[in-house]
Amino acid sequence: GDSVTQMEGPVTLSEEAFLTINCTYTATGYPSLFWYVQYPGEGLQLLLKATKADDKGSNKGFEATYRKETTSFHLEKGSVQVSDSAVYFCALKGGSYIPTFGRGTSLIVHP
Amino acid sequence: DTAVSQTPKYLVTQMGNDKSIKCEQNLGHDTMYWYKQDSKKFLKIMFSYNNKELIINETVPNRFSPKSPDKAHLNLHINSLELGDSAVYFCASSQGFATGGTEAFFGQGTRLTVV
């Protein structure tokens, strides 16, 4: 079945540091890939998405590129802020059409 | 206007009780989901409805029963609550069950605590 593996957290960074959160997936066919963010006490909200190979999704300074050859969709940001502290989820929607989520990666950014 | 709204936000109840969580979406979506998030933030799909019909019913105890009176609502009823049911329950919706690229919109979650 479909599955998503993302790096375990927490990831702890200083403000303005570079962020990478790794995500790899297993799915049949050509899934769509997503990054969601969950702030404390809130539901998940879409951060960015990519629907086909080599597509780059981007939003609020975050980027991720759909790499079919490595089945990856790593999240990056060049300069993180304290306000980026949250839990980040990689997800896919494949042949089952049910959004499948990774285990989430907690990001803590210190001033 | 809240796109996906769940009530209540917090629910504290005793073991053995029966409780319901309500979910409504005003996005005009035809697909709705219930997810359970455990204390380690892991999200597990419980149910999926498309146009009021049950599509997916993962391995969930039959004490959990979803009900979809119309496309905009998906409620979750839980009988005989157990300590292990304590979690955050999220309702979500998306447009087009068989449309791969559409994202899910989530409610704020219901934190259920069974004591």
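Right above here is the structure, for reference.
This report concerns the structure included in the present document.

## Some points on the overall build of chain B
Point 1. Counting its secondary structure elements, chain B contains zero helices and eleven strands.
Point 2. Its helices and strands taken in sequence order, chain B reads β-β-β-β-β-β-β-β-β-β-β from the N to the C terminus.
Point 3. Taken over C-alpha atoms, the radius of gyration comes to 13 Å for chain B, in line with the 13 Å a tight globule of 115 residues would show.
Point 4. Dimensions along the principal axes, computed over C-alpha positions, put chain B at roughly 40 × 30 × 30 Å.
Point 5. Look at the contacts in chain B between residues 6 or more apart in sequence, and 54% of them connect residues 24 or more apart.

## Things to note about the state of the cysteines
Residue and element names in this part refer to chain A.
Point 1. In the structure shown here, the tally under the stated rule is two disulfides over all chains.
Point 2. In this model Cys23 forms its disulfide with Cys90; the gap between the sulfur atoms is 1.9 Å. When the S-S torsion is -70 degrees, as for the bridge of Cys23 with Cys90, the disulfide is left-handed. Taken as a pair, Cys23 in strand β4 (residues 23–26) and Cys90 in strand β10 (residues 86–93) lie far apart in primary sequence, 67 residues in all.

## Section: the environment of Lys52 of chain A
Point 1. Mapping Lys52 of chain A onto the fold places it in the loop between β6 (44–50) and β7 (56–59).
Point 2. Residues Lys52 of chain A and Gly102 of chain A lie 50 residues apart in sequence; the distance between their C-alpha atoms is 19 Å.

## So, the sheet that holds strand β7 (residues 64–70) of chain B
All names here are of chain B.
Point 1. The four strands are arranged β1-β3-β8-β7 in an open sheet whose pairing can be described as antiparallel. Looking along the sheet, the strands with just one partner apiece sit at the ends: β1 (4–7) and β7. Within this sheet the neighbouring strands show an average axis-to-axis angle of 20 degrees, counted without direction.
Point 2. Where β7 lies against strand β8 (residues 73–78), five bridges are found, and the strand directions are antiparallel. Pairing of Ser65 across the sheet is with His77, part of β8.

## So, unusual backbone geometry
Point 1. With an omega of 0 degrees, the peptide bond between Gly9 of chain A and Pro10 of chain A qualifies as cis.
Point 2. With an omega of -5 degrees, the peptide bond running from Thr7 of chain B to Pro8 of chain B counts as cis.
Point 3. Structurally, Pro8 of chain B is set in the loop between β1 and β2 (10–13).
Point 4. Of note, Asp54 of chain A is a non-glycine position whose phi angle comes to about 75 degrees, a positive value.
Point 5. Not every positive phi belongs to a glycine, and Ser80 of chain B is a case in point at roughly 45 degrees.
Point 6. Along the polypeptide, Ser80 of chain B turns up in the loop between β8 and β9 (87–94).
Point 7. Among the residues examined, Ser80 of chain B registers a relative accessible area of 38% and is labelled partly exposed.

About the thresholds
- What you see as residue numbers is a count from 1 along each chain, following the sequence as written.
- Written order determines the labels here, with chains lettered from A and ligands numbered from 1.
- Note on the predicted model: pLDDT of at least 70 is required for a residue's local features to be given, and 80 or more for side-chain atom pairs to be given and counted; whole-chain, interface and lining totals, by contrast, use all residues.
- Processing note: side-chain calculations cover all non-hydrogen atoms of the structure and skip hydrogens and water entirely.
- Strands here are runs of E lasting at least two residues and helices are runs of H or I lasting at least four, both read from the DSSP assignment and numbered beginning at the N terminus.
- Each radius of gyration reported is based on C-alpha atoms, and the globular scaling rule is 2.2 Å times the count of residues to the power 0.38.
- Two residues form a contact once any of their heavy atoms are found within 4.5 Å.
- Disulfides are defined as pairs of cysteine sulfur atoms found within 2.5 Å of each other.
- Here the rule is simple: two strands pair whenever DSSP picks up at least two bridges between them.
- Angles shown run from 0 to 180 degrees and are taken between the N-to-C directions of axes, each axis being a line fitted to C-alpha atoms and, for helices, limited to the stretch in contact.
- Remark: exposure states derive from per-residue accessible area (1.4 Å probe, protein chains only) relative to the maximum for the residue type, with buried under 20%, exposed over 50%, and partly exposed in between.

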